[in-house]
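Per-entry structural report
Residue strings, one per chain:
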Amino acid sequence: MTDGQLPKPAEPGRRRFQRLRLGLLLNALRFRAGSSAVFFIVALLAVAAATAGPIYLAAADQSVLAHVVIPPPPAATGLVVNEQPGQSILETAFRQALAGLPRSPTARACFAAPIYSEIAGAQVLSPAGQVLATADVVARTGDCLHLSFVSGECPSGPGSLSISTRSAALLHVELGATVTLSIGGSKRAYRVSGLYSPASAPGKYWWGQDFFAFGTSLTPPPRVDALFADPSAFDALAPHLVALNADVPVNTRGLLSSQLPAFRRGLSAEELRLGRLGLLAGSGIGAYLADVASQQQAMTTTIAVIDLQLLLLVLMVLFGVAGRIAAGRDQDLALANLRGLSPGALWAVALREPLVLMVVAAPLGAALGWLVALATARAELLAGTPVPFDSLALAAALVASLAAIAATAAGSRRALLYSTDRSPAGRSRLGVALGLAGEAFVIALALAAVVQLSASGVGPQARSQPLAALAPGLIALAAGVIAARAVPLGCRLFAAAIRFSAKLALCLGLQRVAHKSGIIRQAVIIAIAVSLVCFSVAGFFVDRSNRSMQAAFLTGSDRVLTVSVPPTVDFVRAVRQADPSGREAMAAEVTSNSQGTLLAVDAARFARVAAWPNQPGAASPAAVARYLDPLVASDVLVQGGTLEMTIDLRAAVSPRPSLVVGVYNEQYGASQSVTVGPLSPGRHDYLTWLEGDCLSVCQLKSITASWPGPSTDAQPQSAQIPIEIERIAVSNGARFEDVAAGLSRRGTWRVTQDPPGQASSISSSTSGLDALFSYVAGQAPPVIAPADVPELLPAVVTDVVASLSANGPTGSAQYSVSDLDGTPLTVNGAMRVAALPAVGTNAVMVDLNDALRDETLPDIYSVKQVWLSPAAGSGAAVIGRLLKQGIRVTSIRTASTLELAFQKDGPTLAFELFLVVGVESALLATGSMLFAIAATTRRRAVEAVALRAVGLPRRTLVKAMACELGIVCATGLVAGAVAGIAAARFCLPSVPEFTGLSGGAPLRFDMPVGWLLVVVAGAAALLGAVSAISVALVGAASTPDKLRISQR
Amino acid sequence: MSGAVGRLRRRSPARTAPVNTARRHIGLDAHLRALVHLYTSEGFQVVALRGVDLDIDPGEMLALLGPSGTGKSTLLKLLGGLMQPTAGRIVVGGRELRELSSGELRMLRATEVGIVLQDAGTNLLPYATSEQNIWFAQLGARRLNHLVKEPADVLGQLNLGPLAAQQVSRLSGGEQQLVALAVGVAASPSLLLVDEPTSQLDAEERDSAIALLRAINEQLGSTIVVVTHDPAVAAAMPRTVTIRDGRVGAEGRHGEEFAVVGADGSVQLPPDVLEVLPPNALVRIRRQPDGVDLRLADLEGAESPGEGFAP
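Residues numbered from 1 in each chain as written. Chains lettered and ligands numbered in written order. Predicted model: local features only at pLDDT ≥ 70, side-chain atom pairs only at ≥ 80, totals over all residues.

Within chain B one finds nine helices and 13 strands. When the 311 residues of chain B are sorted by exposure, 45% land in the buried category. For chain B, long-range pairs separated by at least 24 residues make up 67% of all intrachain contacts whose partners lie at least 6 apart in sequence. (Helix = DSSP H or I, 4+ residues; strand = E, 2+ residues; numbered from the N terminus. Buried ≥ 20, exposed ≤ 12 C-beta atoms within 10 Å, placed from the backbone. Contact = placed C-beta atoms within 7 Å.)

Pasting the structure below:
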């Protein structure tokens, strides 16, 4: 109190008022530092959550684009320009047309410098004028830089050219020699300036053009590799003799996702422009861009849905925080009302501090969102992918800020109405009705979503449904809402039941939950957070396991080597020798045609090498191997030039019959038949000579009875030929050695062909093989053969093959497929699966040895592979041993590479964001719970002190509060865990990431129970810690002075 | 009534009065007629005021005296337009409060009626300085272009200048009460309603508060209504109205006590008289030339002399 001297105003009124306003604001923020900090953090998270998604999406878009368009060779994505058929254009005009292609990185479509080719068809003539070979004369931009010259140099003038070494050898041409070519009928002489190695020819530079087609002509004259000439060599040729071509690489590294539409338009415009100039222009990049667009679309929806859930959770938390902060500002509002402030001014008072905090939090939140997106992008996206803060992110930040302000306003409304005494029962009833309607809507929406998603999502026929990612949030919200309604009711009933018991703490805790609706609402937030974490963890592990399984399955095994096998090498035997353990390598052959794919595997090693995940209803790999390779007789191998057979013809047959022995040389794919006989009654040795192929080794494939038939119509038209084959031997020039033919062993031979209506028979005895051939003139002869292959080759067929009517007759397990040699093969497809390793869903798998035994032609169309198991490591040792046997590896596919590629797919990148969201939501829920308790600490402390004043022990109060918090946390935890696991169980199959992985083996959605238990236990521990801290806070605040303060 | 409010709006935009201008404006008069107020407590209707009649002249200082729960604070809130009476009329400055809209009532509180609630803390923003509290209390008036003094001037005029920059939560209870009174007059109201201004103050602080109220009345000319249960405060007021059981029971003017005849003819007896004539006592009323003689009825004999009451 003072003398009343007034300080002279030292500053203008407006500035003074600004100072007062600012001072008041700062004092208020300082006074409520804790709640202001919580609000600031939640607002920060809201903006960060909203911006991280779009920023990550933009970066992921770019990553997917780069992942799809950069790896393919330039030929796959570039622009190929040719002359229109039948039209020729001057080379200068051709180049001028292409000069108009945009090269600037800022252009809509950006191209690198074209690679021009001038090609003229030529005949190589001998000095006498005979056509020795055909070849293309080629001049291609920079060709000499990409050819490896063995001798000489690049042609430099119109009269010189370079030739491949193998072509030179064929044509007997040397460096410096003169080659005469006929181009368009006119002869020209060229000097050979250099010899190049054709081995250097394959590569990206050549765009797959057939310049190195040595030996590919099926008819004479032979074709030789291209003759590379200087462009000036074409000057003298008429334009119609020269085909012009330009290969224009697209600058795929410079492609930006945001510019794709413009790029497409630019590319189309250029193709149209070139078309108007009389050229044919086309690019394969469209298919890649369509793939990119598809992935980006799935990614956009998924990320938006994931981000939306986090944003909604943040806004819910913000709503609660704002409500509690506003309740803490009730005195400010009451005073403002007392001083006659208008409703607008009251809102200004209510929102003043949150608005200021939002203004500060928005840019910082946007920066935090960018950092989160950057960290996620560094971990998940292709290295070097830019992470831009684009206009979409800015818009998201603004929208999130506005949404946060709206949530704050909504949260503050109750306190505002309370301050103006405008919260009578009528308004509350309306609010309650609206709240109930909203909750009913949420529950109905969640139910509808679950029904819809479970209908489309469970099973192998799952359809891509990005909204499936919304399931955990939606179901958890519904579960939380139901729990928040049901639990207080249950608590009320339970408390009433035990109110006369000695369980005072429990009763108090139950009463609080039953009557204080604020705290139970925390259960909704906890439920959503726990659900998101459970779903993201389940999704992560299911995804990882499926990705790994699918990568191995689609590859075939851990590593698959495509090999080149010399004709003299027994492929299966060589692979077995390269891996004597039988655990590391397996031989396989694949052949495809329009009807499907035949996969032949070395069944003995299948179980230990091939990737064979469990498929519904499918057998184990060991059972598959046993099924494919049943016990059969050994094959009958003959090695030598002379075949001797001891045969006892037990009855005279007229005219005299013979036997035709069929043998097959696998290495050369050559079959031959030799005749034994004519047979004479009684036991005799018969000699016959095999062709040179069997000096290595041949399989004895069949023995066919041959009977010349009756000489006159009066004679019988059929004959019974009873013989006993006692011995089969071969000689290599020295002495005859018996062949292990199993003649005296039962089941080693069987009748494979009989004339219609006849029944030849065989039986084994100690002395040999007894056979009774029933021969009918003019009909197919009876045939017996070693039973070294099953009568019907056992095969594993896919459901697709089984469902195609062209294969498999109805009601039968027999399917006709194309064998490795291209001939028809009937198999017994008794075992069915959804898909086969490496070859997919339209395929048949048989045993390789059986398939090879069934071959009658060389298998030139099949691809030979060596599958390596993880036990082979990098496979270097096996590869080395294969190389020693002459088997060269031409390419390697690995499951890990494919898995890495899966990881960079758009839907995967989108789904990975869920883990980040899970962590963020867990932090939010924890913070929200802590704040909810902290905000009511003072009130709780007053109540606690009052209860202690009436004699309640401190221990009882602590137990009561622990009971209350335990009920809330357990409600949220259980509701969240159930919702999260249910969402994962029902909706994961519809998440685009998983539908994108389909096509191989059926995906498995077994829940990672162990990890989910860890998550739930971790959440329980975290919530327990939060509850303990809260109890401690209230305990510390429960000092007797609280009663006095309360009274005041 | 709305015309009066409209006049408020049309006032000069000059919002800040000159420093040290001891301009006395005329206080508002207030008239309460047959005022009844009920409120619901735990499902039961409780009568807070039952037929209060009261006239308050412009510029008058009046104490509403009575024990707790007699309806004093309710009466104050009704006068301030914070609540609507169940029945009866309240006319403030010639305006019937019942006929004013909520917006007009807010304008009234922002410009013409200052209210200081019981417990100084409820009138103040605890985190703000005294000057900021004054400024905050003037916000409504400033928005209506109502003429108000600089916050520092308000404090200076009430000799509270040294407290201007101090955060009120750090002030003593007495100082907080003084600042609360200053906040009440921040918008230069014509009617100041003060609820229990001395309830938590010691004697010295109480005297300071009373002195400040007097100063406000003298310097601003405001009509001041003080609710108190403290007879010392009431004694310091020129006029005291005693509220008992929701009615005006007695009135003191310049130190002399008077009973008030209610609208229904009832008279509330002072406590000391109640010792002689306890409730439910049978009394004989005899009219005297200068008043009324009230004696305990002795149905079996003559009245006992000296046990009656004569005004």
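There is more to say after this.
On to the overall build of chain A. Looking only at helices and strands, chain A features 29 helices and 31 strands. Taking 31 Å as the expected radius of gyration for a compact globule of 1048 residues, we find that chain A reaches 42 Å, considerably beyond that expectation. With the C-alpha coordinates aligned to their principal axes, the bounding extent of chain A is approximately 145 × 85 × 50 Å. Within chain A, contacts between residues separated by at least 24 positions form 80% of all contacts whose residues are at least 6 apart in sequence. (Rg over C-alpha atoms; globule rule 2.2 N^0.38 Å.)

Next up on the list: the domain arrangement of chain A. Under the domain assignment, chain A is made up of domain 1 (29-78 + 284-423), domain 2 (114-248), domain 3 (437-541 + 912-1048), domain 4 (566-632 + 791-886) and domain 5 (643-652 + 659-666 + 697-784). Centre-to-centre separation of domain 2 of chain A and domain 5 of chain A, based on C-alpha positions: 58 Å. (Domains from an automatic or database assignment.)

Residue and element names in this part refer to chain B. The strand order across the open sheet formed by four strands is S2-S1-S4-S5, and the pairing between neighbours is antiparallel. Taken across any chain shown, the strands that pair with only one partner, and hence form the sheet edges, are strand S2 (44-56) and strand S5 (95-96). When strand S1 (residues 30-41) meets strand S4 (residues 87-92), the two strands line up antiparallel, connected through five bridges. Bridged to His 31 within S4 is Val 91. (Pairing = 2+ DSSP bridges.)

Ala 43, Ala 46, Val 314 and Leu 318 of chain A together with Ala 182 of chain B are the most contacted members of the largest nonpolar core, which totals 295 residues. Looking at this core, the element that brings in the most residues is helix H2 (residues 33-69) of chain A, giving 24 residues. Discounting residues that sit within four places of it in the chain, Leu 318 of chain A has contacts with Val 42, Ala 43, Ala 46, Ala 404, Ala 407 and Thr 408 of chain A. Ala 551, Val 563, Ala 625 and Ala 843 of chain A belong to the second largest nonpolar core, which has 65 residues in total. (Core = buried A, V, L, I, M, F, W, Y, C linked by C-beta atoms within 7 Å.)

Turning to unusual backbone geometry, a few remarks are in order. Phi at Asn 145 of chain B is positive, roughly 60°, even though this residue is not glycine. Looking at the element boundaries, Asn 145 of chain B is found in the loop between helix H4 (130-143) and helix H5 (151-157).

To continue, consider the environment of Leu 1023 of chain A. All names here are of chain A. Mapped onto the fold, Leu 1023 is located in helix H28 (residues 1009-1037). Leu 1023 sits 57 residues away from Gly 966 along the chain, and the two C-alpha atoms are 8.6 Å apart. Not counting residues within four places of it along the chain, the set of residues in contact with Leu 1023 comprises Ile 526, Met 929, Cys 969 and Leu 973.

All right, on to the sheet that holds strand S31 (residues 888-894) of chain A then. Residue and element names in this part refer to chain A. The nine strands lie next to each other as S27-S28-S26-S29-S13-S12-S30-S11-S31, forming an open sheet whose pairing is mixed. Pairing within the sheet leaves two strands with one partner each, and these edge strands are strand S27 (814-818) and S31. With direction set aside, neighbouring strand axes in the sheet form an average angle of 35°. Across five bridges, the pairing between strand S26 (residues 793-798) and strand S28 (residues 824-833) is parallel. Residue Val 797 lies in a different strand from S28, and its bridge partner there is Arg 832. (Axes fitted to C-alpha atoms, helices over the stretch in contact; angles between N-to-C directions.)

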